[in-house]
Amino acid sequence: MILCCGEALIDMLPRETTQGEQAFAPYAGGAVFNTAIALGRLEAKPGFFCPLSSDLFGELLVDTLHGSDVDTSLSPRPDAPTTLAFVRLQDGHATYTFYDENSALTSLRAPDLPACGENVKALFFGGISLAAGPSAEAFQALMEREAPGRVTMIDPNIRPSFIRDRDAYVARIRAMMSVADIVKLSDEDLEWLEGAGDNAALANRLIERGTKLVLITLGAEGAVAYTADKRVFVPSQKVEVVDTVGAGDTFNAGVLYGLQTRGQLTKAAIAQISEADIKAALEMGAKCAAITVSRAGANPPTLSEL
């Protein structure tokens with residue numbers, strides 16, 4: 001099992017009523033949630049860990065996860081409200097306004113962390129769940145607890161407007177990346193964290209701190225991977241873009257699925273991964289992301305659609 005650890009929330013997506021009024025419609029979402037859904041649709045039978053509210057939106061999240069065959073048995077069900085993210089689309093790109101105070105997501109504490117059984121082979125972390133507070137510290141503690149014995153991957157998926165203390169956030173993300181086997185960042189996120197510079201040089205900094213495989217997405221250009229001695233580039237697949245919601249999350253799922261199907265989702269395998277296996281994983285991520293951006297919202301492909 002790949003256990004996806006991080007936020008589940010409701011994306012309030014802009015719509016227009018039949019009377020021409022602007023409105024918002026609720027859709028289950030969240031970066032880590034989207035990755036779990038994408039893995040489920042690829043028939044990877046993933047798990048999901050995050051407090052899931054017992055309110056009506058929490059029920060929508062649970063039903064959506066189960067609909068894609070995602071195991072939620074490790075997720076607590078508090079009565080705190082579900083996080084809401086109002087989305088604005090401009091030229092196909094999404095910006096977000098979050099309502100998260102005293103939410104189920106922020107209720108997570110270290111005693112809530114699950115015991116991971118032998119069936120958990122890898123853990124994925126990321127998103128706004130790492131932005132601030134005791135809940136972010138709890139996710140960090142889970143990653144640092146499990147990293148010595150299981151594959152871990154992180155995609156910070158940075159939302160600057162959600163970060164209250166940049167220094168504390170950067171320290172947390174760098175600490176988590178240093179124990180991660182796989183780090184994925186957009187080129188913009190890499191620059192935000194490490195400053196301006198050549199992607200290869202910045203990625204090498206992460207590798208020097210402990211990461212084995214660094215993946216950098218380059219928007220419409222494609223994606224590039226770095227290890228201590230390898231560089232592998234894969235171009236994006238050309239499609240008509242409807243919007244980019246969930247594209248990076250789906251890319252993450254495609255990469256993890258690609259590694260899993262090639263028997264590479266172990267710490268030993270990642271440490272000595274070949275160029276062929278890296279390329280296959282990147283191509284799977286790019287293929288999955290291309291389908292997602294070709295339709296509205298975070299709507300990852302099923303295995304049959306590939």
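What comes next is a walk through the structure. (Residues numbered from 1 in each chain as written. Predicted model: local features only at pLDDT ≥ 70, side-chain atom pairs only at ≥ 80, totals over all residues. Heavy atoms only, no water.)

Observations concerning the packing of aromatic side chains
Here the distance between the centres and the angle between the planes together describe a pair of aromatic rings. What counts is decided by this rule: Pairing of aromatic rings covers Phe, Tyr and the six-membered ring of Trp, with a centre-to-centre limit of 6.5 Å; geometry is then stacked below 30 degrees between planes, edge-to-face above 60, and tilted otherwise. A run of DSSP states H or I qualifies as a helix once it reaches four residues; a run of E qualifies as a strand once it reaches two. Both are numbered from the N-terminal end. Note on exposure labels: buried denotes an accessible area under 20% of the residue type's maximum, exposed denotes more than 50%, and partly exposed covers the range between, all computed with a 1.4 Å probe on protein chains only.
Tallying each qualifying case throughout the model produces 6 aromatic pairs. Seen from their ring centres, F49 and F139 are 6.1 Å apart, and the 70° between their planes marks the pair as edge-to-face. In this pair, F49 is assigned in strand β4 (residues 47-49) and F139 in helix α3 (residues 133-146), connecting sequence segments 90 residues apart. Look at F49 and you get buried, because its relative accessible area is 0%. Ring plane angle 80° and centroid distance 5.5 Å describe the contact between F86 and Y99, whose orientation is recorded as edge-to-face. Taken together, the positions of F86 in strand β5 (residues 84-90) and Y99 in strand β6 (residues 93-99) put the pair 13 residues apart, joining distant regions of the chain. Y99 gets classed as exposed once you look at its relative accessible area, which sits at 52%.

Focus: the sheet that holds strand β9 (residues 182-186)
What counts is decided by this rule: When DSSP finds two or more bridges between two strands, those strands count as paired. Note on definitions: angles span 0 to 180 degrees between N-to-C directions of axes, and those axes are lines fitted to C-alpha atoms, for helices only across the stretch in contact. By definition, residues are in contact when any of their heavy atoms lie within 4.5 Å.
Reading across from one edge, β4-β1-β7-β8-β9-β10-β11-β12 is the order of the 8 strands in this open sheet, with mixed pairing throughout. Whereas interior strands pair on both sides, the edge strands pair on one side only; in this sheet they are β4 and β12 (231-235). The average undirected angle you get between the axes of adjacent strands in this sheet is 15°. With 5 bridges connecting them, strand β11 (residues 222-226) and β12 associate as antiparallel partners. The partner of V224 across the bridge, within β12, is F233. Each of β1 (2-6), β4, β7 (122-126) and β8 (151-155) is contacted by α3, which is oriented at about 150° to β7, the strand it contacts most. Taken strand by strand, helix α4 (residues 166-179) contacts β7, β8 and β9, and its axis lies near 145° from that of β8.

So, the layout of surface pockets
Defined as follows: Within this scheme a cavity is a closed region of a 1 Å grid, computed over the protein atoms alone, that accommodates a 1.4 Å probe without allowing it to escape, whereas a pocket is open but has protein on both sides within 12 Å along at least five of seven lines; lining residues each have an atom within 4 Å of a point. Grid points are joined across faces, edges and corners, and a volume is the space filled by probe spheres set on the points. Each residue is assigned to one class: nonpolar for Ala, Val, Leu, Ile, Met, Phe, Trp, Tyr, Cys and Pro, charged for Asp, Glu, Lys and Arg, and polar for all the others, Gly among them.
There is about 1,400 Å³ of room inside the largest pocket. Of the residues assigned to the lining of the largest pocket, the class counts are 25 nonpolar, 15 polar and 10 charged. By volume, the second largest pocket amounts to about 250 Å³. Along the walls of the second largest pocket sit 18 residues, with Y27, A28, T64, A298 and N299 positioned nearest its centre. Secondary structure elements with two or more residues in the lining of the second largest pocket: β2 (9-16), β3 (22-29), α1 (31-41) and α2 (56-67).

Section: unusual backbone geometry
In this structure, E43 is a non-glycine residue whose phi angle is positive, near 65°. For E43, the position within the fold is in the loop between α1 and β4. Look at E43 and you get exposed, because its relative accessible area is 59%. Phi at N157 takes a positive value of approximately 45°, unusual for a residue other than glycine.

Section: the pairing of β7
What counts is decided by this rule: Note on handedness: a clockwise path from strand one over the helix to strand two, with the strands aimed away from the viewer, defines a right-handed crossover.
The buried count for β7 comes to 5 of 5 residues, which makes it a mostly enclosed element. With burial as the criterion, each face of β7 is covered, one bearing A122, F124 and G126 and the other bearing L123 and F125. Where β1 and β7 come together, 5 bridges link them in parallel fashion. Pairing of G6 across the sheet is with G126, part of β7. Here β7 runs beside β8; their pairing, made up of 5 bridges, is parallel. Following the sheet pairing, G126 is matched in β8 by D155. Chirality of the crossover, the property in question, places the unit of β7, α3 and β8 among those that are right-handed.

A few points about the side chain of T83
Keep this limit in mind: Polar contacts here mean pairs of N or O atoms no more than 3.5 Å apart (in protein, one a potential hydrogen donor and the other a potential acceptor; neighbouring residues in sequence count only if both atoms are side-chain atoms).
Tracing the backbone through its elements, the reader meets T83 in the loop between α2 and β5. Here S103 takes part through its side chain, which lies 3.2 Å from a polar atom of the side chain of T83. Those residues in contact with T83 that sit more than four places away from it in its chain are L9, I10, F98, Y99, D100, S103 and L105.

A word on the side chain of T72
Within the secondary structure layout, T72 lies in the loop between α2 and β5. You can call T72 buried: its relative accessible area is 13%. Reaching out from T72, the side chain makes a polar contact with the side chain of H66 at a distance of 2.8 Å. Excluding its chain neighbours within four sequence positions, the residues that come into contact with T72 are F48, L52, V62, L65 and H66.

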